[in-house]
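What follows is the residue order along each chain.
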Number of protein chains: 4
Amino acid sequence: MSLFIKGGTIVTHEETYQADIVCVNNKIVEIGQQLTPPENATLIDASDKLIMPGGIDPHTHMQLPFMGTVAKDDFASGTRAALAGGTTSIIDFVIPNPQQSLLEAYQQWREWAKKAHSNYTFHVAITWWDESVAQEMETLVKQHGVNSFKHFMAYKNAIMATDDILVASFTKCLELGALPTVHAENGELVYHLQNSLMEQGITGPEAHPLSRPSSVEGEAANRAISIANTLGAPLYLVHVSTEEAVDAIRYAKDHGYTVFGEVLAGHLTVNDSVYQNPDWATAAAHVMSPPFRPKHHQDALWKGVQGGTLQTTATDHCAFCSEQKAMGKDNFTQIPNGTAGVEERMMVLWEKGVNEGKITPNEFVALTSTNTAKIFNIYPNKGCVRVGADADLVIWNPNAQKTLSAKTHQSNIEHSIFEGMTIHGIPETTICNGKLAWHQGNLIAQSGDGKYIDRPTYAPF
Amino acid sequence: MSLFIKGGTIVTHEETYQADIVCVNNKIVEIGQQLTPPENATLIDASDKLIMPGGIDPHTHMQLPFMGTVAKDDFASGTRAALAGGTTSIIDFVIPNPQQSLLEAYQQWREWAKKAHSNYTFHVAITWWDESVAQEMETLVKQHGVNSFKHFMAYKNAIMATDDILVASFTKCLELGALPTVHAENGELVYHLQNSLMEQGITGPEAHPLSRPSSVEGEAANRAISIANTLGAPLYLVHVSTEEAVDAIRYAKDHGYTVFGEVLAGHLTVNDSVYQNPDWATAAAHVMSPPFRPKHHQDALWKGVQGGTLQTTATDHCAFCSEQKAMGKDNFTQIPNGTAGVEERMMVLWEKGVNEGKITPNEFVALTSTNTAKIFNIYPNKGCVRVGADADLVIWNPNAQKTLSAKTHQSNIEHSIFEGMTIHGIPETTICNGKLAWHQGNLIAQSGDGKYIDRPTYAPF
Amino acid sequence: MSLFIKGGTIVTHEETYQADIVCVNNKIVEIGQQLTPPENATLIDASDKLIMPGGIDPHTHMQLPFMGTVAKDDFASGTRAALAGGTTSIIDFVIPNPQQSLLEAYQQWREWAKKAHSNYTFHVAITWWDESVAQEMETLVKQHGVNSFKHFMAYKNAIMATDDILVASFTKCLELGALPTVHAENGELVYHLQNSLMEQGITGPEAHPLSRPSSVEGEAANRAISIANTLGAPLYLVHVSTEEAVDAIRYAKDHGYTVFGEVLAGHLTVNDSVYQNPDWATAAAHVMSPPFRPKHHQDALWKGVQGGTLQTTATDHCAFCSEQKAMGKDNFTQIPNGTAGVEERMMVLWEKGVNEGKITPNEFVALTSTNTAKIFNIYPNKGCVRVGADADLVIWNPNAQKTLSAKTHQSNIEHSIFEGMTIHGIPETTICNGKLAWHQGNLIAQSGDGKYIDRPTYAPF
Amino acid sequence: MSLFIKGGTIVTHEETYQADIVCVNNKIVEIGQQLTPPENATLIDASDKLIMPGGIDPHTHMQLPFMGTVAKDDFASGTRAALAGGTTSIIDFVIPNPQQSLLEAYQQWREWAKKAHSNYTFHVAITWWDESVAQEMETLVKQHGVNSFKHFMAYKNAIMATDDILVASFTKCLELGALPTVHAENGELVYHLQNSLMEQGITGPEAHPLSRPSSVEGEAANRAISIANTLGAPLYLVHVSTEEAVDAIRYAKDHGYTVFGEVLAGHLTVNDSVYQNPDWATAAAHVMSPPFRPKHHQDALWKGVQGGTLQTTATDHCAFCSEQKAMGKDNFTQIPNGTAGVEERMMVLWEKGVNEGKITPNEFVALTSTNTAKIFNIYPNKGCVRVGADADLVIWNPNAQKTLSAKTHQSNIEHSIFEGMTIHGIPETTICNGKLAWHQGNLIAQSGDGKYIDRPTYAPF
Ligand SMILES: [Zn+2]
Ligand SMILES: [Zn+2]
Ligand SMILES: [Zn+2]
Ligand SMILES: [Zn+2]
Ligand SMILES: [Zn+2]
Ligand SMILES: [Zn+2]
Ligand SMILES: [Zn+2]
Ligand SMILES: [Zn+2]
């Protein structure tokens, strides 16, 4: 199986130059000027196009069981959407129930993921604590290629990790060379505000952002960072959505600590006016946590991206259809939290970032793949275009355009938070594991083609 | 009972000017040039001296029951020390045991305080929570002149207030027009670090600061502030000792929130090298929480004082003698936490603040009495020199000097964290409730002369 | 001449309480409950009204000669407008031409000001430098009650003070105990941008803000502050209009330096969209320097006001009529810079500050008079309601309302940057020098009633 | 000419892995496991050693004509020292006299540099301005491989660039795709302080830091950044030595601007106590601008390095011997400014950075070569270990040690600011242009082996 990509412009996180690329099996084997294609190679003409590392989305929730239902995009449809958007790997989440064995949950998710079209790997959530959890963390790290653990600081009475759990788990992560990550919202405040709003009779989607104001995220971000700093552990914050959290990360970095921040394509581009939509279903379609924010937070997020405070972009892809959202018709706290985006992430960042002059194409690559690969220690196999690297690539046509819509997206749900946005510059061809996976609007990869990615510990940061 | 103070220079938080003062009973009744003394008035010559509002120490713990022992300075000796240092009022703490009635504890402390030489009032600590606590808070506010409640974010398994308690109590404070205050240290981290140090066999006083690094305070400060901000409540942080906490307060103030910070005379002037003292007793004598800090934190505290981020100065006076400290001979976590200082506070601030050019005499007055009076809503009765105000005054001799020492201090304990510091400018005469209370080294006030201060709610900040 | 003000609520920068006030001649002689009016006193019923110190506008330019014309409001009409708005004192500017004697210019302005209805005093601008300037600064300070000097960092080829002048003059100010003030904009950048815009054919009022972006002010603010800090001098920045300048002041204050910031009512409430007005005259009416700014700067200014970074409010009242503005019809750099506002300042701050919950009434007083009085060392004669203080007062009716308009304002010009703003709470009666000066819409003061205010040096900051 | 480097561990700014390297002529041609050496290749055993890109010092002044004398290290001895320290390229400065042709000066420096042992290239200083300067900038950029221009904001009455020059030159740089750089100190303040100190009779080296306090640098850094930001130009600040300047760069980066900061090995490790040395010659040996700073600035610089605010390390190598320094015996302003360091830079950064845990070996590489190569647009030819890159390498022995001393250094001067510092981990072998240049203490390169480096414009930042 070999591919010959001719005449494209390679864009990495560092460089831009024209060259041909030869891929054999799942590896890039040659990069250079005027190369000769191997025999039987599939030829791809990349003239006037950009060749970049395939995107890595470090935050998705395919077929997540949640509130008695299951997210509509499973690993098959979710990774189909990923490939359609130029993303060749996702990092999803194993979320054990409190008291459930981590290994048991992990095996369950591995089973579910077998039908994936793209590559995948898993963060594992720490939702409870005792000595067996610590032992299973070690087993996951040493035998199953897991190098990151997730902690939810919200969702009281469910999967919330209180400070004692954070302290214990971060300590174990540090010992294992794994990276702790957090969903940063103060669960006590959210719980209080939810109850208070319901008591006041404010029950619709417009209550959702009121129950999770920016200070709730800022507090938790700062707390997780301080706990990690105190213990000497690094930290990764998922879906940073507020000025306060950006400031907290920056403060830590300015004081010499190792803290990473992830931002969602949605938080960068959608603001909180969506919750005022008079159509309940439309407003509810935007219910996710953290919520979309007033405009000045978006400015802060972009500044965070430009200044290096935020390093990765993700989606928190967790797709619930209108019928599912309607579970919270009378109580906003019962609306399943989540929106889609794995397909649109790179396009949105290209349009709003590169085309608006906020970031360079090299920074685009860093933000959509390279930084994630480095932080989760799969660089330079992933996240780069280089001899010896995995042949996960996206061929970007900067001259083509497309209007995003739920009508045409790959996700199984019927709304899109990016509905109607026109993108100038689109992922035309996606190559995954050295094979054409998506080409000019057609899925070529098969369900099951995706591979599990082992991630070693002790990343060099 | 009347006093005539002649020829002094009045220094308030705003102004400096020369005038005579007439006090009748416990009030200032006249201020002006060349006044005529009332008949039978006691005459005090204040030529070449400064007349300032009597100091208010917003943070003391007289005869605190703690760890099976009781602090050595009771309300008699503690307030004797206060008067000797120019301080005419203290705000002490009622600390109910978890599950104990707040009113019961309050009455107990009122009883103990009857022997006070100076004026006094009480913050009440919230160490547990149920509906009865909320009701007793209301009773204390409406019937007993309490307008502030204290929350310990440290001391796990004892009096620690977890986030749910903070949320509930701050909400109640807001409703009542009372001011929530916090001791900001992350109790989970302290607990973890204490255990970890003990396990490593690090058991002496040198372990104390290691178990409470500055990040532990910074985290809690930020958390309490965020919770208060989210709820719309003001907040007062006691004994701010770190750069991180100063930064957290400043960040909040810069974003328009109402947050106050208190700093101790000790934290401003003593650094963490004291814990390296080879003499166990000397090192242990400095064990208090938060601990003394590396030098750069002192710089940050002074900057905080100068820039208005910190508004009040206190001592956390809680005196344990060497014998008591020895309870922790084999385990630093068992050393009773606390140091003295109520006598030295104003002198130390004068020497290190005014004499070193860091603050003006007007700022000295603001920091030692006026700001505290305003924040705890007893201004302008207290904290100012003005017709109609309470006759609580200190006459400062800027030309006299004195060397601080445990040998000569009024406290009942045998060490002083300010041992050997020479002060240029000392409180020569203290007037409390319109009467000479301390004069040229002699106590004149009687035990029981001190009055309880009722504090109304809804301070105008 | 005596006044008896009955039943009002006194609001100072610190306190709020109900009391009667007696003024005799130009002084407040008694404040208290249920006072007896002096014989022949004019009675004013202040029931349900607030009594505050008369406003002080620290930044006006009455009848300023500028670009071959003269500002339309002279000291008569300008101070009439002041009284109508509750302002009883202004600080105007003596602006000598380069090479002109400071004393000569000062005398000229004193002459012009004789017709003032309200009190007044002068900053003197340093527009050039040699040893005679230093000597005249000394004379002004020692013989004429001047305690502040102004420096324009913009207006290249005219009155711009380059760094060597700033260094020399700040040094002299420090020696004299006077306060240096600056108009902070980088004149070289403005000059470059003006030329560049004109070359590109962008000649209308919309070019004005483009020629003076926020970074131009941020730079100069930081530079002036650093120069003052280096020399050990305090500094006062007039008309702070940008986030960058607020940040620069805050940075200095956080590092222990003495820096003050003034903000204009206009910059707090009007944004840069005014320059897009298709009507040339309307757009040109808003041309002033620094220009009105994008919205996020207003947020930063309000935060600066709330957090104490900005201490005073002013107007830069400098009124040019449409005919004068038309001088720049073909060249925006020739549009006379300036807008009116001395009448509206306090009302705008009440409406947008107090009524919107951003500041308390006490803070309103601090921001409109007390802080200015303290900084320019005329406190407590001015800026306070107290026995012994000057009887300059405004009686505010919080229940009355009024819509601001050029049709009804006192200024001689035909436009208002506050046109159409409805104010809830208005200055009903203004008392200046112990006399009714403005009452229920009628001017009572006579031209010439205003007094010159001597300002001593070495203010206690 | 070929080299075979066997068994070493390659360290780049991103990765660490073991591999053999083959260099042919001046290029790296193969990297891989168990490679076969080319015939006749020189074999180098790098087992247990690290192979890193040769260092690039972006700031040196070899044989600089200055104050009637010439710096003692010329391009021969200076680059000998560079190679001895693992540095294979320097960026020196062409400094035309005011009114001198830039091209003429450039040719002069090119001539002087012909004897270099290592590679070299030049920044060109803009010390005056007229249209011919702009034209010569263009010629230098288009025909001579210059892509950066230097501006001295200090040195009044000599080479100081005032704001009008900065504006004009930055504008031209932006047009040409070149990078403006600045020496940031406010020349007016320095001039004032120098005169003031001399007038006070403070004439020794101890006056030097007093004449250039940190605020003087902070001001200029902020000014240059603001001017660049306003014009849309990027900016590079040489020798950042203060907390203020670090803060200014960070502020700009946090707001989305492109600003780079360079830090000297000396400023990171030497503090201002050196100026108190009672030996005049020793104190004078440390006279350079900006001066060495109080300790808290070093902390800020390290934080800047760790947090990404500062990207490059340099030396400002400008060597004056004791005899030359003595020119300022009676007047500190006449002491030639400068210290050596090109040999020690990498060792000092290894010892104080890597060995003390402040930076990782990958960050060490980024800071000593990669970032400089990227910023000055010679990456990936320089600054990386990769097939196709120039064979400029240093082989680092982490297990060897060495004590720095003027007795053993390569510089021609008789003192070292790093005297006595022991380094654990040293550059054992330096390869320049594919040839052994320094090996185990011996110089192998010939004078003249160094090559001029052309630098293209429009670096991709
Ligand atoms: Zn989440
Ligand atoms: Zn998620
Ligand atoms: Zn405490
Ligand atoms: Zn306490
Ligand atoms: Zn101005
Ligand atoms: Zn003005
Ligand atoms: Zn320099
Ligand atoms: Zn230099």
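Let me sum up the structure you'll find in this document. Keep in mind that this is a model prediction, so the values were computed, not measured.

1. Brief notes about the sheet that holds strand β12 (residues 179-183) of chain C
Note: strands within a sheet are paired through backbone hydrogen bonds, in either parallel or antiparallel orientation.
All names here are of chain C.
1) Next: Taken together, eight strands build an open sheet; the order of strands is β6-β9-β10-β11-β12-β13-β14-β15 and the sheet is parallel. Looking along the sheet, the strands with just one partner apiece sit at the ends: β6 (55-60) and β15 (312-314). Direction aside, the axes of adjacent strands within the sheet are offset by 30 degrees on average.
2) Next: Across three bridges, strand β13 (residues 235-237) lies against strand β14 (residues 259-264) in parallel orientation. Counterpart to L235 in the pairing with β14 is V259.
3) Next: Taken strand by strand, helix α2 (residues 102-112) contacts β9 (87-94) and β10 (119-125), and its axis lies near 145 degrees from that of β9.
4) Next: Contacting β6, β9, β12, β13, β14 and β15, helix α14 (residues 361-375) runs over the sheet at an angle of about 70 degrees to β6.

2. Some words on the sheet that holds strand β12 (residues 179-183) of chain A
Residues and elements named next belong to chain A.
1) Next: In spatial order, the strands read β6-β9-β10-β11-β12-β13-β14-β15; together these eight strands make up an open sheet with parallel pairing. Two strands close off the open sheet at either side, each with one partner strand: β6 (55-60) and β15 (312-314). In this sheet, adjacent strand axes meet at a mean angle of 30 degrees when their direction is disregarded.
2) Next: Inspection of the sheet shows β12 paired to strand β13 (residues 235-237) by two bridges, in the parallel sense. Residue pairing for β13: T181 is matched across the bridge by Y236.
3) Next: Taken strand by strand, helix α7 (residues 214-231) contacts β12, β13 and β14 (259-264), and its axis lies near 170 degrees from that of β13.
4) Next: Packing against the sheet, helix α13 (residues 345-354) makes contact with β6, β9 (87-94) and β15, and its axis sits at approximately 110 degrees to β6.

3. Some details on the side chain of D:Q63
Residues and elements named next belong to chain D.
1) Next: Looking at the element boundaries, Q63 is found in the loop between β6 (55-60) and β7 (65-66).
2) Next: The buried category is assigned to Q63, whose relative accessible area is 10%.
3) Next: There is a polar contact of 3.5 Å between the side chain of Q63 and the side chain of K115.
4) Next: Residues within four places of Q63 in sequence aside, it is in contact with V70, A71, D73, D74, F75, W112 and K115.

4. What about the relation of the copies chain C and chain D?
1) Next: With an axial shift of 0.0 Å and an RMSD of 0.0 Å, the rotation relating chain C to chain D amounts to 180 degrees. Taken together, the rotation angle and the small translation identify this as a two-fold axis.
2) Next: In this assembly, 100% of the residues forming the interface of chain C have copies in chain D that are likewise at the interface, indicating an isologous arrangement.

5. Brief notes about the relation of the copies chain B and chain A
1) Next: Of the transformation placing chain B onto chain A, the axial shift is 0.0 Å and the rotation is 180 degrees, giving an RMSD of 0.0 Å.
2) Next: Of all interface residues in chain B, 100% are interface residues in chain A too; the two copies therefore contact each other through one and the same surface.

6. Remarks on the side chain of D:Q100
All names here are of chain D.
1) Next: Examined against the element boundaries, Q100 turns out to sit in the loop between β9 (87-94) and α2 (102-112).
2) Next: One polar contact links Q100 to E104, side chain to side chain, over a distance of 3.0 Å.
3) Next: When near neighbours in sequence (up to four residues on either side) are disregarded, Q100 contacts A105, Q108 and W128.

7. Some words on the coordination of the zinc ion (ligand 8)
Residue and element names in this part refer to chain D.
1) Next: Taken together, the protein ligands of the zinc ion (ligand 8) are H59 (NE2), H61 (NE2) and D316 (OD), with distances of 2.1 to 2.2 Å.
2) Next: Within one chain, the residues serving as donors to the zinc ion (ligand 8) are arranged as H-x1-H-x254-D.
3) Next: Metal-to-metal, the separation of the zinc ion (ligand 8) and the zinc ion (ligand 7) is 3.4 Å. Taken together, the residues H59 in strand β6 and D316 in the loop between β15 (312-314) and α12 (322-325) connect sequence positions 257 residues apart.

8. Notes on the arrangement of the chains
1) Next: Here chain A and chain C are not in contact; the least distance found between their C-alpha atoms is 8 Å.
2) Next: You won't find any contact between chain B and chain D; their C-alpha atoms come no closer than 8 Å.

9. Describing the coordination of the zinc ion (ligand 2)
Residues and elements named next belong to chain A.
1) Next: Distances from the zinc ion (ligand 2) to its protein donors, H59 (NE2), H61 (NE2) and D316 (OD), fall within 2.1 to 2.2 Å.
2) Next: Read from N- to C-terminus, the donor residues coordinating the zinc ion (ligand 2) fall into the pattern H-x1-H-x254-D.
3) Next: You can call H61 buried: its relative accessible area is 6%.

10. Quick look at the pairing of strand β1 (residues 2-11) of chain C
Residues and elements named next belong to chain C.
1) Next: Counting buried residues along β1, eight of its 10 residues qualify, which places the element largely inside the surrounding structure.
2) Next: As judged from the eight bridges shared by β1 and strand β2 (residues 16-24), these two strands associate in the antiparallel manner. The residue bridging V11 from the neighbouring strand is T16, located in β2.
3) Next: Linking β1 to β2, which pair antiparallel, is a turn of four residues.

11. Quick notes on the interface of chain C and chain D
1) Next: Contact residues are listed per partner, giving 26 residues for chain C and 26 residues for chain D.
2) Next: The contact between chain C and chain D buries some 1,900 Å² in all, and 63% of this surface belongs to carbon and sulfur atoms.
3) Next: When residues of chain C are sorted by the area they lose upon contact with chain D, C:L189, C:T230 and C:Y251 head the list and together hold 24% of the total.
4) Next: In this structure, the connection of chain C to chain D is made through two salt bridges.
5) Next: The salt bridge partner of D:E219 is C:R223, with a shortest N-O separation of 4.0 Å.

12. Re the pattern of salt bridges
1) Next: Here the structure, examined in full by the defined rule, presents 100 salt bridges over all chains.
2) Next: Of the charged contacts, one joins D:K295 and D:D299 as a salt bridge, the two residues approaching to 2.9 Å between their closest N and O atoms. Taken together, the positions of D:K295 and D:D299, both in helix α11 (residues 295-307) and four residues apart, correspond to about one turn of that helix.
3) Next: Under the relative-accessibility criterion, D:D299 is labelled partly exposed at 35%.
4) Next: Ionic contacts of the salt-bridge type, sharing partners, join the residues A:D163, A:E219, A:R223, B:D163, B:E219 and B:R223 into one network.

13. Quick notes on the environment of A:T87
Residues and elements named next belong to chain A.
1) Next: Its place among the elements puts T87 in strand β9.
2) Next: Accessibility expressed as a relative area gives 0% for T87, which makes it buried.
3) Next: In sequence terms T87 and C432 are 345 residues apart; their C-alpha atoms lie 8.9 Å from each other.
4) Next: When sequence neighbours within four positions are dropped, the list of residues in contact with T87 reads G55, I56, D57, A82, S118, V342, R345 and M346.
5) Next: Side chain to side chain, T87 and R345 meet in a polar contact 3.3 Å long.

14. A short note on helix α11 (residues 295-307) of chain C
Residues and elements named next belong to chain C.
1) Next: Compared with the 18 Å implied by 1.5 Å per residue over 13 residues, the 19 Å span of α11 between its first and last C-alpha is a close match.
2) Next: Looking only at α11, the buried set comprises H297, Q298, A300, L301, W302, G304 and V305.
3) Next: Where α11 is buried, its residues contact α7 (214-231), α8 (243-254), β14, α9 (265-269), α13 (345-354) and α14.
4) Next: G308 lies just past α11 and shows a positive phi near 90 degrees.

15. Remarks on the packing of aromatic side chains
Here a ring pair, both rings aromatic, is described through the centre-centre distance and the interplanar angle of the planes.
1) Next: On inspection of all chains with the given rule, the structure shows 56 aromatic pairs over all chains.
2) Next: Measuring from ring centre to ring centre gives 4.9 Å for D:W109 and D:W112, while their planes differ by 65 degrees; the resulting arrangement is edge-to-face. Of this pair, D:W109 and D:W112 both sit in helix α2, three residues apart, which is roughly one turn of the helix.
3) Next: Members of the aromatic cluster, connected to one another through ring pairs, are A:F75, A:Y106, A:Y120, A:F122 and A:Y452.

16. Re the interface of chain B and chain A
1) Next: Opposite the 26 residues of chain B that make contact, chain A presents 26 residues.
2) Next: Here chain B and chain A share an interface that buries about 1,900 Å² over both sides, 63% of which is from carbon and sulfur atoms.
3) Next: Between chain B and chain A we count two salt bridges in total.
4) Next: Our count for the contact surface shared by chain B and chain A stands at six residue pairs in polar contact (both at pLDDT 80 or more).
5) Next: Secondary structure elements with two or more residues in the side of chain B that touches chain A: α4 (163-176), α5 (187-199), α7 (214-231) and α8 (243-254) of chain B.
6) Next: When residues of the side of chain B that touches chain A are assigned to their parent elements, the largest contribution, 10 residues, is made by α7(B).
7) Next: When its residues are assigned to classes, the side of chain B that touches chain A shows eight nonpolar, nine polar and nine charged.

17. Brief notes about the packing of helix α3 (residues 131-144) of chain C against helix α4 (residues 163-176) of chain C
Residues and elements named next belong to chain C.
1) Next: Axis separation between α3 and α4 bottoms out at 10 Å; the angle between their running directions is 35 degrees. Two packed elements cross with a definite hand, and for α3 against α4 that hand is right-handed. In this structure, α3 contributes A134, M137, E138 and V141 to the contact, and α4 contributes S169, K172, C173, E175 and L176.
2) Next: For the contact of α3 with α4, the per-class residue count stands at five nonpolar, one polar and three charged.

18. Re the pairing of strand β6 (residues 55-60) of chain B
All names here are of chain B.
1) Next: Counting buried positions along β6 yields six of six residues, so the element is predominantly enclosed.
2) Next: The pairing of β6 with strand β9 (residues 87-94) spans four bridges and is classified as parallel. By the bridge assignment for β9, I56 is matched with S89.

The rules behind these values
Residues numbered from 1 in each chain as written. Chains lettered and ligands numbered in written order. Predicted model: local features only at pLDDT ≥ 70, side-chain atom pairs only at ≥ 80, totals over all residues. Heavy atoms only, no water. Pairing = 2+ DSSP bridges. Helix = DSSP H or I, 4+ residues; strand = E, 2+ residues; numbered from the N terminus. Axes fitted to C-alpha atoms, helices over the stretch in contact; angles between N-to-C directions. Contact = heavy atoms within 4.5 Å. Buried < 20%, exposed > 50% of the residue type's maximum accessible area, 1.4 Å probe, protein only. Polar contact = N/O pair within 3.5 Å; in protein donor to acceptor, adjacent residues only side chain to side chain. Least-squares fit on C-alpha atoms with pLDDT ≥ 70 in both. Donors = N, O, S within 2.8 Å, 3.2 Å for Na, K, Ca; no water. Buried area = accessible area lost by both parts, 1.4 Å probe. Salt bridge = Lys/Arg side-chain N within 4 Å of Asp/Glu carboxyl O. Expected span 1.5 Å × (residues − 1). Phe/Tyr/Trp six-rings, centres within 6.5 Å; stacked < 30°, edge-to-face > 60°. Nonpolar A, V, L, I, M, F, W, Y, C, P; charged D, E, K, R; others polar. Left-handed = near helix turned anticlockwise from the far one by under 90°.

Function cannot be inferred from these measures alone, as they are strictly geometric.
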